[in-house]
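# Structural overview for review
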Amino acid sequence: MTNRRFFLRNSALAMVGMGRAPLWLQRALYASDAPSPRKKILVAIFQRGAADGLNVVVPHGEKAYYNLRPTIAVPRPASGSDSRADAAIDLDGFFGLHPSLVALKPLFDRQHLAIVDAVGSPDPTRSHFDAQDYMESGTPGVKATNDGWMNRALPKEQEPPSPVRAVALGAVLPRSMEGRNPAIALESLQAFQVRDKQAAQEFQQMYLDCKDPLLRSVGRETFEAVSLLQSVRQQPYAPAGGAEYPHGRFGDSLRQIAQLIKSNVGVEMAFADIGGWDHHVNELGQRASEGQLATLLTEYGRALSAFWTDMGDRMADVVLVTMSEFGRTAHENGNRGTDHGHANCMFVMGGPVKGGKVYGRWPGLEREQLYQQRDLALTSDFRDILGELVARHLGNPTLNGVFPGYTPKFLGLV
Amino acid sequence: MRKKALVALACCLGLSVLSGVSPYARKKVDPSRQFHKLISRNQRIAHALDRLTFGPRPGDIEKVRAIGLKKWIDRQLHPETIAENSELGQKLKILDSLSMSSEQMVQNYPTPQVVRLMVRGIVPYPSDPGRRAMIQKEVQRFEARLKAGQNPNLPEPPRPLNELLSRAEVRSLRTGTPQYRMAAFEALPKETQDQVLVSLPGGIRQALFTAAPPDLRRRIELTAGPQQIVSRDLQEGKLLRGIYSNRQLQEVLTDFWFNHFNIYLDKGADRYLVTEYERDVIRPHVLGKFRDLLEATAKSPAMLYYLDNWQSVGPNTALARRARKTRAERGLNENYGRELMELHTLGVNGGYTQKDVIEVARCFSGWTISNVQRGGTFVFNPRLHDKGQKVVLGITIPAGGGIEDGEEVLDILAHHPSTAHFICRELAQRFVADDPPESLVDRMAKTFLKTDGDLREVMKTMLNSKEFWSVGAYRTKIKSPLEFVAGAVRAVNGDVDYALGLANEVALLGEPLYRKVEPTGYSNASEEWANSAGLLARMNFALQLGNNKVPGVKVEVAKAAMDLGSPEFQKK
């Protein structure tokens, strides 16, 4: 755990001062109607606590699944008219969505949602902290990496970059976004300002003059972003298409990401997280559609679906990808829960996505097929998915800079 | 030359030169040398106050100088020799849940389970009107959720305000300054007051709260519900102690060790167990033996609940075998076993395997809680214990054991060199530098092993080191949100009437107290706190505090806001 954050960054607004307002700023300031090449956008969602992939995307065609989980398996999809609100929602005859993810079924059907199964980090750690750290740094097994994959994945800019090109929703900047490119943490758009104008100017000067390089660079980024977001903050926001975000932090995060993207202020990367997936005890209620996992998945599914609806046509530029540090044991534990496991599933959604399909080779759940005879084995590396999105969607070809020491194998998701 | 060119090219392309290492590594001025350069005599007192307290109050430097720095540190290392601030006692008195046992808390601030028993007529409603009002509110919420039909045991529903009061009375509660509304409220007859409190809309209640004397504030708080009280008392207690306690190092260490053995307040029964945990498990041991602290946490209902061990059943017990037949849900749970080694003792690289996790979990099977919903006490239940042989970190624990299996694991872990190193590195990271020099950590670890994990001796080794008093340490860390908020109030000698407003600010800054979900706790590396959301929140807090806008706190310094929000004040 060495110091990770100590990067000297470019100042964007300094360039404006010199009379060379970059494109994103011109667009933001003058709301130019002229068509301009719209940037591609990547949104990453982290499910902290290790989501139980096997109960999220249910391998209902696998007999072993039901043997391993006598009390917490999601029932097979109902056949014909005999539909049980409680059963998995069939996707392809083998996999099905947890019933609380019903909001995502239309996205899958319209081929805007792809699922990758048996995917994750090859590092064997079952520590939440280490596994999250590895996934966010993008370098499993390497602790010395001092920046995050999203920061490294930002394409090289010809013009001074927007101060909000990388935005994370939350009170702290996630590991994924740390690095030399400007990246801001934003708890909420409303709170993202100094409430007193006079004081704001004085504070700004103090931080620009400050001798501490870390506080100086964070301070500068902050004030640049604050002034850029001023106009966004002042406009009331109504989600489009009747999208209804669920109450709670995660829904709020996605709504504000949508608002930022639609404001054309130069967002290229956004990050949000949702915690509470560590279900060692009573993962499901009496039925699959009740209990802790169901509640969380309902919030999660509704938020993703609302984001998709709200974004509308803009989804053509956007890909959203989800991840969680590792999966959970294939067998249930002694308390109707699951312990820390290995491979998991990832969701990839957006206009450019070739959805409606479950990607990845399924390794099976028979004892000899399991990783260390207990967990779902890994057949895709999470960097295969992220790497493909970075290269093909964001158009950043320097993948060995983003995922050093690893060559991602593309699955053909976009 | 060639290498230089390669590096330059690689940087342009965003390539990494060394596999796995980012090219943007920190430009270092050989940091180890910074830990050899000592700070000046004048800086030493300020440094000690920065690191061993929640920040200096005006006049503190002079006070320490008068006592002598060495002697002051020695006193802080023996908190029992320091007379506690009587003002703190006064302020804590109203937060009565802080001095209750978990069982008393359940009686006085009933859990939802107990409230349900009251609704069913099995347990009587409390006779005290304030507490009855609290239950009334709770039942309302409960009923609203259930949308249940008629129930003869329900307390009377609250009457609308306009039935209780005249139009003029309602108007005077609705309008004007909090002080004005407060006077209007106090003019009401005592019996009406309690009824009115239950019926008040949120806005008026909030206004009254800001102007109310402590006992009325308590009556208002009661209507927010029993669980709210417990959580508020905890947060307020932490801030008040941080701001007012004379035993500053003890409070800093309590914060450190609670975070090391973190528990999330909102996980089920833990809502009623954390108070006792911090008061009786953490605080008394922060300068004692690590082994005692470890065992106290291992046997605390709070930890047993948080990391699920109370539900863990040995796989070879009759109970588990029966459960398997009936497909009931009892068996081994690895959660505590893993975090005990990864986070509490050895550290993630401390040399244990997945097999060890399972073996340790087997040793702790049967460590459970009796009466978990009624306060809860630790018990060892031999029927849940796996009596087979276990091998932990290569050491055989023979078959046939009972509670001593787990205790032996604690012995093994508490005295393990990996534990010594891991604990000392964390302490050094908190007190010395985000990336503390290995030489210092090694010396602290040596003390740890030599003194049977005596935490006071470990602290002494650290405080006697040149690294602690070096340029590499001095003002190189960024205050945590709690340190910043408590430190700001101390710096301007603020008078805290109640600390709820401050606690809310700490949460806004990114460190909700007692609410870190993950067992990792908050990072000890302070650079985590340097980000745009946090900085803005700090500046806004500084403005609020400086302009006397933080509810419950009064400050007299006029120009404080700009200083408190400045980059300099974020550091320690």
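Structure's up top.
So, here's what we can say about the structure. None of these values were measured; they are calculated from a predicted model. (Residues numbered from 1 in each chain as written. Chains lettered and ligands numbered in written order. Predicted model: local features only at pLDDT ≥ 70, side-chain atom pairs only at ≥ 80, totals over all residues. Heavy atoms only, no water.)

Okay, the overall build of chain A next. A tally of regular secondary structure across chain A gives 13 helices and 12 strands. Expressed as a percentage of the 414 residues in chain A, the buried residues total 62%. The contacts in chain A between residues at least 6 apart in sequence include a share of 72% that link residues at least 24 apart. (Helix = DSSP H or I, 4+ residues; strand = E, 2+ residues; numbered from the N terminus. Buried < 20%, exposed > 50% of the residue type's maximum accessible area, 1.4 Å probe, protein only. Contact = heavy atoms within 4.5 Å.)

Right, let's get into the overall build of chain B. Each helix and strand counted, chain B has 32 helices and six strands in total. Residues counted as buried form 58% of the 572 residues belonging to chain B. Long-range contacts, defined as pairs at least 24 residues apart, comprise 69% of the intrachain contacts of chain B with a sequence gap of at least 6. Roughly 23700 Å² of accessible area belongs to chain B as shown, and the carbon and sulfur atoms make up 53% of that amount. (Areas by Shrake-Rupley, 256 points an atom, 1.4 Å probe, with all protein chains shown as cover.)

Turning our attention to helix H8 (residues 197-209) of chain A. Given a rise of 1.5 Å per residue, 13 residues ought to cover 18 Å, and the 19 Å separating the end C-alpha atoms of H8 of chain A matches this to within 8%. Buried residues of H8 of chain A: Ala199, Ala200, Phe203 and Tyr207 of chain A, and no others. The buried residues of H8 of chain A all sit within an arc of 100° when viewed along its axis, so they share a single face. In H8 of chain A, those exposed residues whose orientation departs by more than 90 degrees from the buried face are Lys197, Gln198, Gln201 and Asp209 of chain A. On its buried face, H8 of chain A is in contact with helix H9 (213-234) of chain A together with helix H30 (532-546), helix H31 (560-565) and helix H32 (567-570) of chain B. (Expected span 1.5 Å × (residues − 1). Arc of directions from axis to C-beta.)

Let us look at the interface of chain A and chain B. Across the boundary between the two partners, chain A contributes 64 residues, which contact 60 residues of chain B. At the junction of chain A and chain B, the tally comes to two salt bridges. Among the salt bridges present, the one from Lys571 of chain B reaches Asp212 of chain A, with a minimum N-O distance of 2.8 Å. Our count for the contact surface shared by chain A and chain B stands at 17 residue pairs in polar contact (both at pLDDT 80 or more). Only helix H6 (128-137), strand E7 (184-186), H8, H9 and helix H13 (399-402) of chain A provide two or more residues apiece to the side of chain A that touches chain B. Here the element with the most residues in the side of chain A that touches chain B is H9 of chain A; it accounts for seven residues. Across the side of chain A that touches chain B, the residue classes tally to 27 nonpolar, 20 polar and 17 charged. (Salt bridge = Lys/Arg side-chain N within 4 Å of Asp/Glu carboxyl O. Polar contact = N/O pair within 3.5 Å; in protein donor to acceptor, adjacent residues only side chain to side chain. Nonpolar A, V, L, I, M, F, W, Y, C, P; charged D, E, K, R; others polar.)

Here the focus is empty space enclosed by the protein. Where empty space is left becomes clear once a probe the size of a water molecule has been rolled over the atoms. Residue and element names in this part refer to chain B. Summed over the entire model, instances satisfying the criterion amount to eight cavities of 30 Å³ or more. Roughly 140 Å³ of volume is contained in the largest cavity. Lining the largest cavity are 14 residues, and of these Arg430, Ser480, Ser523, Asn524 and Trp529 sit closest to its centre. (1 Å grid on protein atoms, 1.4 Å probe; cavity = no way out; pocket = protein on both sides within 12 Å on 5 of 7 lines; lining within 4 Å. Points joined across faces, edges and corners; volume = space filled by probe spheres on them.)

Ranked by internal contacts, the top residues of the largest apolar core, which has 117 residues, are Leu239, Trp257, Leu427, Phe431, Leu502 and Leu545 of chain B. Residues from two domains meet in this core; each of domain 3 (289-432) and domain 4 (481-570) of chain B gives at least three. Formed by 97 residues, the second largest nonpolar core is a distinct cluster that contains Val265, Trp277 and Leu284 of chain A together with Leu536 of chain B. (Core = buried A, V, L, I, M, F, W, Y, C linked by side-chain atoms within 4.5 Å. Domains from an automatic or database assignment.)

Bringing the pattern of salt bridges into the picture now. Scanning all chains against the criterion turns up 59 salt bridges over all chains. Note that Arg374 of chain A and Glu334 of chain B form a salt bridge whose closest N and O atoms lie 2.9 Å from each other. Of this pair, Arg374 of chain A sits in the loop between strand E11 (357-359) and strand E12 (380-381) while Glu334 of chain B sits in the loop between helix H21 (318-326) and helix H22 (335-344), on two different chains. For the residue pair Arg374 of chain A and Glu334 of chain B, the accessibility class agrees, reading buried in each case. Several salt bridges converge on common partners, so that one network encompasses Asp96, Arg131, Arg218, Glu221, Arg232 and Asp233 of chain B.

A word on the side chain of Gln248 of chain B. Topologically, Gln248 of chain B is positioned in helix H17 (residues 248-260). Discounting residues that sit within four places of it in the chain, Gln248 of chain B has contacts with Leu52, Thr53, Phe54, Gln76, Arg241, Gly242, Ile243 and Arg490 of chain B.

For helix H24 (residues 403-414) of chain B, built from 12 residues, the straight-helix expectation of 16 Å at 1.5 Å per residue is met to within 8% by its first-to-last C-alpha distance of 17 Å. Along H24 of chain B, the residues classified as buried are Asp405, Gly406, Val409, Leu410, Ile412, Leu413 and Ala414 of chain B.

To continue, consider the packing of aromatic side chains. Residues and elements named next belong to chain B. Applying the stated rule across the entire model yields 24 aromatic pairs over all chains. The interplanar angle of 90° and the centroid separation of 5.0 Å between the aromatic rings of Phe256 and Trp257 together place this pair among those described as edge-to-face. On the basis of relative accessibility, which here comes to 1%, the residue Trp257 falls in the buried class. Plain terms: the ring middles of Phe484 and Phe569 are 5.9 Å apart, the flat faces sit at 65° to each other, and that makes the pair edge-to-face. (Phe/Tyr/Trp six-rings, centres within 6.5 Å; stacked < 30°, edge-to-face > 60°.)

In short, geometric facts, not functional conclusions.
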